[in-house]
Amino acid sequence: MLLMTVALAVLIGVSLGLLGGGGSILAVPLLVYVAGLPAKEAIATSLLVVGVTSAVGVLPHARAHRVRWRTGLIFGLAGMTGAYAGGRLAGFVPAWVLLTGFALMMLATAIAMLRGRPGAEGRPVPHELPVFRVILDGIVVGLVTGLVGAGGGFLVVPALALLGGLPMPVAVGTSLVVIAMKSFAGLAGYLATVHLDWGLAVAVTAAAVVGSLLGGRLAGRLPADLLRRAFGWLVVVMGIFVLAQQLPPFAGLAVGALAGAGTVTMAVWGRRRRRHSGQQRLGHPVREHAGSGVER
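Residues numbered from 1 in each chain as written. Predicted model: local features only at pLDDT ≥ 70, side-chain atom pairs only at ≥ 80, totals over all residues. Heavy atoms only, no water.

Novice: Is there a simple way to explain the overall build of the protein chain in this structure?
Specialist: Along its length, the protein chain carries eleven helices and zero strands. Reading the protein chain from its N end, one meets helices and strands in the order α-α-α-α-α-α-α-α-α-α-α. The buried share among the 296 residues of the protein chain stands at 49%. As presented, the protein chain carries roughly 14,300 Å² of accessible surface, and 69% of it is formed by carbon and sulfur atoms. (Helix = DSSP H or I, 4+ residues; strand = E, 2+ residues; numbered from the N terminus. Buried < 20%, exposed > 50% of the residue type's maximum accessible area, 1.4 Å probe, protein only. Areas by Shrake-Rupley, 256 points an atom, 1.4 Å probe, with all protein chains shown as cover.)

Novice: Quick question: what am I supposed to make of helix 4 (residues 69-90) here?
Specialist: Each α-helix winds once per 3.6 residues, and so residues spaced three or four apart point in a common direction. End to end, helix 4 covers 30 Å across 22 residues, agreeing with the expected 32 Å (1.5 Å per residue, within 8%). Residues of helix 4 that are buried: T71, G72, I74, F75, G76, A78, G79, G82, A83, G86, G87 and A90. (Expected span 1.5 Å × (residues − 1).)

Novice: Which parts of the structure should I look at to understand the packing of helix 3 (residues 39-63) against helix 8 (residues 168-190)?
Specialist: Relative placement of two packed helices is described by the angle separating their axes and the distance separating the axes. The N-to-C vectors of helix 3 and helix 8 enclose an angle of 145°; their axes lie 8 Å apart at closest approach. Considering the relative orientation of helix 3 and helix 8, their crossing is left-handed. Taken together, the residues that form the contact of helix 3 with helix 8 break down as 17 nonpolar, seven polar and one charged. (Axes fitted to C-alpha atoms, helices over the stretch in contact; angles between N-to-C directions. Left-handed = near helix turned anticlockwise from the far one by under 90°. Nonpolar A, V, L, I, M, F, W, Y, C, P; charged D, E, K, R; others polar.)

Structure representation (structure tokens):
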């Protein structure tokens, strides 16, 4: 199982390198269901893996000037506070509750991926960073990360794009700084009550780092939108599986089916709404010139 775990860990890094997130979404199920780790140890190990991989992944973004350090450090410090608190709190929460929360976070992440990320393009960049909002959001996102080991890039990237007015490439680069900071803080919180298999953790981390370098090279060569949607559907399937595992067989099947149907419905509705809004925005100039013979 060790070789399979290490081989699959490459996908964790590829996800971070390609999409700026999704590492923990793959890491926790991999460590629980393939490596056979207990839930809390798997979450703690995933925080180490994602933290190191994100720290390595930020280097090419920094060289390309795609990191807004001030925004990232403010968000990251707030996230560290929440993540450490979440990691300590997790010691008092039953494992099945943590995995159920993780499964729900997977489905929420899948919806965000399938609907598409909100971008900052076309939005005015604020002259003053809303520091209070950034700190508040950082603490909340960090708390979720510390508790269930998820909620990294696909919560941080939209928050940076919307709150800081950052262009998407800069938001992705900056998010890796935030993810690394709060992952290490969450790990510190867990280490108070959880002991890691350091041999396995180092092997999985090394494989994920290799994957992140590979993902960084592929990022500009593959259609990002297609990759995001394909990964989103994979996360839907995995989220339903994890959720179903935490309940009795028949209840798990029923709840999994309802969760899957709800996820698909929300994702499709969100995409249609965004497409309709885009068509309306494109249609405004045409209606303004309706009397000039421009409309066809």
